Amino acid sequence: MQYLEMRKGRVEIIPMIDIMLFLLIFFIMVTIHMIPTQGLPAQMPASSTARDLPKPKVVLTLRQSGAVEMDGHAISLPDLEARLRQGNPAETQVTIAADQGADIQALVKVMDTCRHAGVSAIGLAAKPEQES
C-alpha cells in the first residue's frame, strides 16, 4: 500500500519575475511619454488669448539680444534652416519662445527662416495674462 505523501506547496518564481519585468518596462515607457519638452527660462510676453498648442517638435528660444537657441545651444539662421529641412519639414511643428524685449524684426527673420525650410506650423509661446 502506497502512503499518500504530503507535497509542500511551492512558489514558482520565474513567472513572477517575468511579470515584474513586464510591469517595469510598461511603467518606464509610460513615464517617458509623460515627460514634457523642456525649454529654457525666458521672460515671455503675456496674452489674454493664449491657449495650449499641440506638443511642438522643435522649440526655439529668441533672446533679447537677437540670438536664437535650439535645445539650449545657440544656432545661426542658416544652420537652423538646414536642420529644419532634415526629415519632413511639412509635418514639423515649431514653437518660438521669445523674450519679452526681443526685437520684432529678429522674430520675423526666425519665422521667415522656418518658412523657407518648409515649415508651415509655427507657434509663438506666451504665458496667460494675469487678471487683476
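Keep in mind that what you see is a predicted model, and the values were worked out from it rather than measured.

Here is what the cut-offs are and how they apply
Residues numbered from 1 in each chain as written. Predicted model: local features only at pLDDT ≥ 70, side-chain atom pairs only at ≥ 80, totals over all residues. Heavy atoms only, no water. Helix = DSSP H or I, 4+ residues; strand = E, 2+ residues; numbered from the N terminus. Buried < 20%, exposed > 50% of the residue type's maximum accessible area, 1.4 Å probe, protein only. Contact = heavy atoms within 4.5 Å. Core = buried A, V, L, I, M, F, W, Y, C linked by side-chain atoms within 4.5 Å. Pairing = 2+ DSSP bridges. Axes fitted to C-alpha atoms, helices over the stretch in contact; angles between N-to-C directions. Left-handed = near helix turned anticlockwise from the far one by under 90°. Nonpolar A, V, L, I, M, F, W, Y, C, P; charged D, E, K, R; others polar. Expected span 1.5 Å × (residues − 1). Arc of directions from axis to C-beta.

**Focus: the overall build of the chain**
Part 1: What the chain contains, in helices and strands, is three helices and seven strands.
Part 2: Helices and strands in the chain line up, N terminus first, as α-β-β-β-β-α-β-α-β-β.
Part 3: Across the 132 residues that make up the chain, the buried fraction comes to 22%.
Part 4: Contacts in the chain between residues at least 24 apart in sequence constitute 72% of all its contacts with a sequence separation of at least 6.

**Overview of the environment of Arg83**
Part 1: By the element assignment, Arg83 lies in helix H2 (residues 77-85).
Part 2: Classification of Arg83 as partly exposed rests on a relative accessible area of 41%.
Part 3: In the structure, Arg83 is positioned 34 residues away from Ala117 in sequence and 8.6 Å away in space, judged by C-alpha atoms.
Part 4: The contact partners of Arg83, leaving out residues within four places of it in the chain, are Met70, Asp71 and Ile75.

**Some thoughts on the nonpolar core**
Part 1: Counting residues in hydrophobic clusters, the biggest one holds 18 residues, and the most contacted among them are Leu60, Leu62, Leu84, Val94 and Val110.
Part 2: Of all the secondary-structure elements, those providing two or more residues to this core are strand S2 (58-62), strand S3 (68-70), H2, strand S5 (93-98) and helix H3 (104-117).
Part 3: With five residues, H3 is the largest single contributor of residues to this core.

**A few points about the sheet that holds S3**
Part 1: Strand order in the open sheet formed by five strands is S4-S3-S2-S5-S6, with mixed pairing between adjacent strands. Every interior strand has two partners, whereas the edge strands, strand S4 (73-74) and strand S6 (121-124), have only one.
Part 2: Two strands pair when backbone bridges link them, and S5 and S6 are joined in this way by four bridges, in the parallel orientation. Looking at S6, one finds that Gln93 is bridged to Ala121.
Part 3: Where H2 meets the sheet, its contacts fall on S2, S3 and S5, and the angle it forms with S3 comes to roughly 30°.
Part 4: The strands that H3 touches are S2, S3, S5 and S6; relative to S2, the one it contacts most, it runs at about 155°.

**Observations concerning unusual backbone geometry**
Part 1: Notably, Asp71 is not glycine yet its phi reads approximately 55°, a positive angle.
Part 2: Tracing the chain through its elements places Asp71 in the loop between S3 and S4.

**Observations regarding the packing of H2 against H3**
Part 1: It is the contact of H2 with H3, at a shortest axis distance of 8 Å, that shows an interaxial angle of 35°. Note on packing geometry: the crossing formed by H2 with H3 is right-handed. Side by side, H2 and H3 meet where Leu77, Leu80, Glu81, Leu84 and Arg85 of the first sit next to Lys109, Val110, Thr113, Cys114, His116 and Ala117 of the second.
Part 2: Of the residues assigned to the contact of H2 with H3, the class counts are six nonpolar, two polar and three charged.

**A few points about H3**
Part 1: In a regular helix each residue adds 1.5 Å, so 14 residues correspond to 20 Å; H3 covers 20 Å between its end C-alpha atoms and thus fits that length.
Part 2: Turning to H3, its buried residues are Ala106, Leu107, Val110, Thr113, Cys114 and Ala117. Taken end-on, H3 shows its buried residues confined to a sector of 120°, consistent with a single buried face. Pointing more than 90 degrees away from the buried face of H3 are the exposed residues Ile104, Arg115 and His116.
Part 3: Against S2, S3, H2, S5 and S6 lie the buried residues of H3.
Part 4: Two residues or fewer past H3, Gly118 is found with a positive phi of approximately 105°.

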